[in-house]
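Structural description and commentary
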Amino acid sequence: MKKVSVLVPCYNEEENVIPMSQALTKLFEEQLTQYDYEIVFIDNCSQDTTRDKLRMICAGNKKIKAILNAKNFGQFNSPYYGMLQTTGDCVICMCCDFQDPIEVVPEFLKAWEEGYRIVCGIKATSRENGIMRFLRTCYYKAIKKMSQVEQIEHFTGFGLYDKSFIEVLRNLDDPTPFLRGIVAELGFKRKDIEYEQQRRRAGKTHNNWYSLYDAAMLSFTSYTKVGLRVATIMGFLCSVISLAVAVFYLVMKLTHWSEFQAGMAPVTIGVFLMGSIQLFFIGLVGEYIMNINTRVMKRPLVVEEERINF
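Throughout what follows, the structure given in this document is the object of discussion. Note that the structure is predicted; figures quoted are calculated from it, not measured.

In terms of helices and strands, the protein chain carries 10 helices and eight strands. Buried positions account for 45% of the 310 residues belonging to the protein chain. Counted over contacts in the protein chain with a minimum sequence separation of 6, partners at least 24 positions apart contribute 83%. Carbon together with sulfur atoms contributes 60% to the accessible area of the protein chain, which is approximately 16,600 Å² in total.

This is the structure:
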């Protein structure tokens, strides 16, 4: 009998962990009886009663396991680490807030049985804020055009991963893993299944503009060179323009200075323009350097405080 692992990352999901465990258990015990299963919750240091409820759930069902992180290790490290701790023939990763519909799981498994080693859930439509949906779409379009690696639009990590791909992840040794990019770059034969993203069942999202920016920059600095190339080209063009302006002013001073009184305005505007361009690209280069620095330090993905039912 094949074993299916379901990984559920959570953070402050006290209103959702029990309904999620019940829904998944019911799914496997009523509809997917041909599979053995395990449900693994990985808690990213919740500050509410999520951990107490996870302990209670695990005490009542040995097929439900939990990993409790010592601290919050971010939105990418924790799910990635949790996937590496599973023991199934495949792993299904889904959010605890019910935005990833459980009803799609049988479709994932059907595609897996057909031979696909990775099955990606693609958000064809969403009930989230319309502005956020528009901004996400713009981001996916932009990163897809700039990246040398094929990027998967509206893929957030919700999907199924064969154990052969999990072994690839185990050997990757990446301290700042970006799963969406890794799937696109190193993934096996893949099938995309569209779904409608639901609203949160309960609780409040912990994604904010900073976390979204962090995700965007991790993807940008990991899978594109365009930022550095644009900085190089812009620097060259600005140097040419500055040299041309300097030569122009020199010629005018030597030949027609009495007739040419431009004042300080052009110089002031030029200084501020060049300064702003330099600051922008210094910041961009800094993002690349931070990405490199994080990888060089080789810190662990996660430090566990406790694990239950392993």
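We now examine the packing of helix H1 (residues 17-31) against helix H2 (residues 50-60). Where H1 meets H2, the axes come as close as 9 Å, and the angle between the chain directions of the two elements is 30°. Taken as axis vectors, H1 and H2 run roughly parallel relative to one another. Contact residues: H1 offers Val17, Ile18 and Ser21, while H2 offers Thr50, Lys53, Leu54, Met56 and Ile57. Broken down by class, the residue content of the contact of H1 with H2 amounts to five nonpolar, two polar and one charged.

Mapped onto the fold, Ile67 is located in strand E3 (residues 64-69). Distance in space between the C-alpha atoms of Ile67 and Val40 is 7.5 Å, their sequence separation being 27 residues. In this structure Ile67 touches Val40, Phe41, Ile42, Asp43, Gln85, Glu304, Glu306, Arg307 and Phe310, once residues within four positions along its chain are discounted.

Glancing now at the environment of Gly187. Structurally, the position occupied by Gly187 is in the loop between helix H7 (179-186) and strand E7 (190-197). Separated by 70 residues in the primary sequence, Gly187 and Arg117 place their C-alpha atoms 8.3 Å from one another. The contacts of Gly187, once residues within four sequence positions are left out, are Ile118, Phe165 and Ile182.

It is worth spelling out the pairing of strand E1 (residues 3-10) at this point. In terms of burial, E1 is largely enclosed, as seven of its eight residues are buried. Sheet topology places E1 next to strand E2 (residues 36-43); eight bridges connect them, and they run parallel. Paired with Ser5 across the bridge in E2 is Glu38. Tracing the backbone out of E1, into H1 and back to the parallel element E2 gives a crossover that is right-handed.

Rules and cut-offs
Residues numbered from 1 in each chain as written. Predicted model: local features only at pLDDT ≥ 70, side-chain atom pairs only at ≥ 80, totals over all residues. Heavy atoms only, no water. Helix = DSSP H or I, 4+ residues; strand = E, 2+ residues; numbered from the N terminus. Buried < 20%, exposed > 50% of the residue type's maximum accessible area, 1.4 Å probe, protein only. Contact = heavy atoms within 4.5 Å. Areas by Shrake-Rupley, 256 points an atom, 1.4 Å probe, with all protein chains shown as cover. Axes fitted to C-alpha atoms, helices over the stretch in contact; angles between N-to-C directions. Parallel < 35°, antiparallel > 145°, perpendicular 65-115°, else oblique. Nonpolar A, V, L, I, M, F, W, Y, C, P; charged D, E, K, R; others polar. Pairing = 2+ DSSP bridges. Right-handed = clockwise from strand over helix to strand, strands pointing away.

Geometric descriptors of this kind do not, in isolation, establish any biological role.
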